[in-house]
Amino acid sequence: MDKLPTYFESPPVDLSRLARWKLRHGMAPIALMLCLISVASLLLSLSQLALLGKQSVQLPLHAEQILQRCNMLHAKPGPPSNFHQRTTSDRFVEGTPATLIRNASIWTGDQEITQGDILLDKGIIKFVGHASPSMFNKFKDLVTWDAGGSWVTPGIVDLHSHLGVDSAPALNGADDGNSWKGPILPWLRSLDGLNTHDDAYRLSISGGVTTANVLPGSANAIGGQAFVIKLRPTAERSPSSMLLEPPYTLNGTHVDPTLPPRWRQMKHACGENPSRVYGNTRMDTFWAFRQAYDTARQIKEQQDAYCTRALAGEWKDLGEFPDNLQWEALVDVLRGRVKIHTHCYEAVDLDDFVRLTNEFRFPIAAFHHAHETYLVPGTLKQAYGHTPAAALFATNARYKREAYRGSEFAPRILAENGIDVVMKSDHPVLNSRFLLYEAQQAYMYGLPANLALAAVTSTPARVMGQDHRIGFVREGYDADLVVWDSHPLALGTTPQQVWIDGVPQLSEPAIASKPASFQQVPRTPNFDLEAAAAIKYEGLPPLMPKKAKDLVVFANINNMFVPDGMGGVMSVADVGEGSVVALRKGVVRCWGATAACASEIASEDAEWIDLEGGSIAPGLISYGSPLGLEEIQGESSTHDGTVFDPLTGSIPTILAGSELIKASDGLQFSGRDTLLAYRAGVTTGVTAPSSNGLIAGLSTAFNTGAAHRLENGAVIQDVAALHVQIGHSNQGPSVSTQIAALRNMLLGDKSSPMFAEVAKGAIPLVVQVQNADIIASLIELKKEIHTRTGTNIQLTISGAVEAHLLAKELGEAGVGVILTPSRPFPDNWESKRILPGPPLTNESAITTLLAHGVTVGIGIVEQWSARHTRFDVAWAALESFDRISKEQALALASVNLEKLLGVKPSGGLGDMVATRGGTVLDSEAKVVGIISSRRGIVDLI
């Protein structure tokens, strides 16, 4: 049964029940002590009354319950001392057979065990080690799962999630993440809005996530109480049946006097979010905090005074226990019974909150987001009680001012300062299916391997007070495990199977074969200098590259990839292990063996760069975000803004009849996301004007490493394609109206020369659309234009989450597709029908479209993720069952995007990327140089 144990409000002490419980289970010392204290206090109070001759004072009928409650006020949360003696989990599903996982490489949560076995039974891990066959003879229906040396870890634990309250697909009827009723709302509970029909549960499980802390949103200074859930579906289908160790009575602070209380969770937030929502300043927010905690403190002091009298037997005029349902959770914070999770970014907010904890004497479990914690570790160590953990994104930053100094080196720096590091998703901000990817990035940038894995397993379990049962592979712990197809820190690692409470979650999982090297912990590049610079420059280190000498020689190259001149990418046969590539002013003059290039590299003025078995590959292209038009998403003064929508009639007269808006007019160079992308091998950005309506305008292609637009080669192509977007909107006109307007502009309205160019097939029409039904209408529109004009327009579908449903038709119609993002998520109703890929499906959207002859590119949604393009294409190849080669993977973000977006090849080899220690597709490799024949330079990173 999937249900919680039943408890009573203020349960009386039943000595005969306790005796029976002891005989069955063995009385836990702490439970016996609490019970005896309660009984002794009652007897003491009664004896005091008799001795004092106060027979005239009538005992309240519920005196026993009052004394029990008073004695429990100072009891600290935690499991019963005999917790690991349990033989069956409270979450065990009847009928689940025992499972033996054999021949596994095990990471237990804090150490490795090579080639061990694990027994799961009754929802619990019953054995970890090296088993003999005779050990399991008693199990009649034992399921044996041979891991074949694959890695097994604890289930992934997400400390910061909005699963079920910020649901997928996003619909108004299931928007329960935030209340807007005031900045202080400790009485609200995420459980009361938990949607059991969120499509993301299944997806997150497929990424190995077994447990999530579901927090209210961050609109309020105190947003309410959070609840820890297991993600698997239950027979009851209720939110309550998903809970992991909630308070014994959900509707109050009453506890079972035979057991210690359980941990509660609560969400706080400081900084920009509550300020923006309520029009407040930081001063207002922290005064609201102080007022709230002062109210809770007064109630606590009243309770303490009441109990002092009750325990002394002073019953006369004592009255009722001073409880307050609205504030009881915040009173519990002051009693040290609540894990406080605080959304807090900047040093000013961190310092404010640390002072608040010391003023009101309560500890913090973790600062979340915490983008500047790595700059002020000493401030965190001044918090009351203990140093809070930092729950971080790996690279997601700069989306608002308080996140602007975020650094990929924060996990490493915090760990070096002895602070617990947690990687979290903030789902659906990041799809928690890929939470492990956050740990992989933290590891790549310097967080030690064991701490990176702990950051999504044992550390969040400990921070939320659940490390007695989850987060580890240990005997007596919950049977929440993941078997991975490669080392969990290897790029693209995917579950082969996931168990929650001993119940397997993946039915007929699709398991792609990975290279044997992926079973080992990956090597990492050296980022020591970059990490030091992050601190030295307070999160804003210089990012502009260094210009190399005119003659550059890249040595010790193992392979080289170049455009093949026919729209693809090829490997250069003449470049093998130990080869060199010589360049003069960004132009390749020679490649191959050192002897073959002797005449080119004889100059004493040559700059030699050892790639240590590295590679040279085409420069990558980023498309889909406002890269180059926007620096800080939340600060309107830092971006170009949005264009006017002609369908709403809001075009100013001065613009009427004029040319379409050109993104090139609003380009901003040297932005931090742009330069970080450049340093990660993205040499070109293609960006369209930002629009909330039908017509966006004309995109531009620009060099991501240029200092300003007048620099040679900064603007690669002034106009690339014409961009429109079609979809459902609460404010805009109907989808059919949008398509009718597009038809008219392409076939009837000749006022815009650029639409005429599209109609002639001279430049591509790129339509941002997710829904398959709308895509089908666009395919019909393309056919209609051909029928009426004889012209085949260049049509590209961008976004295209549901395009896989029309792969055959898109291929036959010659329509290209740019998948943004490359790994799908059902954000809204229009993108509900995703093809998730392994382990849920054998095919991904990319492999399906490629199989039908569709030209496919990949893109992004937010500009901070442009730097991940190299890993996005590598991931596509890794989960393709060998149907996507390295060359094809590189094409997804280079030559294919050029074709789909109308970017004309520069001739020759174009921009190239040099990586040390591997190819641009390998997480072990580091980008060390950008080669640009167009600009006549080699930049060194």
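What comes next concerns the included structure.

Definitions and limits used
- Here the residue index of a chain counts from 1 through its sequence in written order.
- Totals for whole chains, interfaces and linings use every residue, but because this is a predicted model, local features are given only for residues with pLDDT of at least 70 and side-chain atom pairs only at 80 or more, for both listing and counting.
- Excluding hydrogens and water, the side-chain figures rest on all heavy atoms present in the structure.
- Two strands pair under a simple rule: DSSP has to find at least two bridges between them.
- The numbering of helices and of strands both runs from the N terminus, where a helix is a DSSP run of H or I of at least 4 residues and a strand a run of E of at least 2.
- Between N-to-C directions, angles cover 0 to 180 degrees, with each direction set by a line fitted to C-alpha atoms, over the stretch in contact for helices.
- A pair of sulfur atoms, both from cysteines and within 2.5 Å, is called a disulfide here.
- For this analysis, a salt bridge means a side-chain nitrogen from Lys or Arg found within 4 Å of a carboxyl oxygen belonging to Asp or Glu.
- The cut-offs for exposure are 20% and 50% of the maximum accessible area for each residue type, with area from a 1.4 Å probe on protein chains only; residues under the lower value are buried, those over the upper are exposed, and the others partly exposed.
- The criterion is simple. A nonpolar core is a set of buried Ala, Val, Leu, Ile, Met, Phe, Trp, Tyr and Cys residues joined through side-chain atoms within 4.5 Å.
- Note on contacts: a residue pair qualifies if any of its non-hydrogen atoms lie within 4.5 Å across the two residues.

### A short note on the sheet that holds strand S11 (residues 366-369)
Pairing in this open sheet of eight strands is mixed, and the strands run S6-S7-S8-S9-S10-S11-S12-S13 from one edge to the other. Unpaired on one side and paired on the other, strand S6 (156-161) and strand S13 (421-423) mark the two borders of the sheet. Put simply, the sheet's adjacent strands are angled 25° from each other on average, direction ignored. In this sheet, S11 lies alongside strand S10 (residues 338-344) in parallel orientation, the contact comprising four bridges. Across the sheet, residue Cys 344 finds its bridge partner in S11, namely His 369.

### Some points on the state of the cysteines
Every disulfide links exactly two cysteines, by a covalent bond between their sulfur atoms. Tallied over the entire structure, the rule returns three disulfides. Disulfide partner of Cys 70: Cys 307, at an S-S distance of 2.1 Å. Here the disulfide of Cys 70 and Cys 307 is left-handed, its torsion about the S-S bond being about -75°. Here Cys 307 lies in helix H6 (residues 282-311) and Cys 70 lies in helix H3 (residues 63-72), a separation of 237 residues in the sequence. The disulfide partner of Cys 270 is Cys 344, and the gap between their sulfur atoms is 2.2 Å.

### Remarks on the pattern of salt bridges
Going through the model one piece at a time under the given rule, you end up with 53 salt bridges. In this structure, Asp 420 engages Arg 462 in a salt bridge whose closest nitrogen and oxygen atoms are separated by 2.8 Å. Taken together, the positions of Asp 420 in the loop between helix H10 (410-416) and S13 and Arg 462 in helix H13 (residues 458-463) put the pair 42 residues apart, joining distant regions of the chain. Classification of Asp 420 by relative accessible area gives partly exposed; the value is 29%. Residue class for Arg 462 comes out partly exposed when judged on its relative accessible area of 37%. The salt bridge partner of Asp 773 is Arg 833, with a shortest N-O separation of 3.2 Å. Of the two residues, Asp 773 sits in helix H19 (residues 772-789) while Arg 833 sits in the loop between strand S33 (816-819) and helix H21 (845-851), which places them 60 residues apart along the sequence. The network of salt bridges with shared partners includes Arg 86, Asp 90, Arg 91, Lys 230, Arg 232, Glu 245, Arg 469, Asp 478, Asp 480 and Asp 501.

### Brief notes about the nonpolar core
Counting 177 residues, the largest nonpolar core has Tyr 293, Leu 722, Leu 765, Ile 797 and Leu 810 as its most contacted members. Val 572, Val 581, Leu 583 and Leu 611 belong to the second largest nonpolar core, which has 19 residues in total.

### Notes on the pairing of strand S22 (residues 607-618)
Bridge analysis of strand S18 (residues 551-563) against S22 gives seven bridges, and the strand direction is parallel. Looking at the pairing, Val 552 lines up with Glu 607 of S22. When S22 meets strand S35 (residues 912-916), the two strands line up antiparallel, connected through four bridges. Within the sheet, the bridge partner assigned to Ala 617 lies in S35 and is Val 913.

### Observations concerning the side chain of Thr 285
Secondary-structure assignment places Thr 285 in helix H6. Assessed through its relative accessible area of 4%, Thr 285 is described here as buried. Beyond its immediate sequence surroundings of up to four residues, Thr 285 is in contact with Ala 221, Ala 269, Pro 274, Ser 275 and Asn 280.

### Some thoughts on the sheet that holds strand S29 (residues 715-717)
The four strands lie next to each other as S23-S25-S28-S29, forming an open sheet whose pairing is mixed. Two strands lie at the open edges of the sheet, namely strand S23 (620-623) and S29, each paired on one side alone. For this sheet the average axis-to-axis angle between neighbouring strands, irrespective of direction, equals 30°. Examined bridge by bridge, S23 and strand S25 (residues 682-687) share four bridges and lie parallel to one another. Each bridged residue has a counterpart across the sheet, and for Leu 620 the counterpart in S25 is Val 682.

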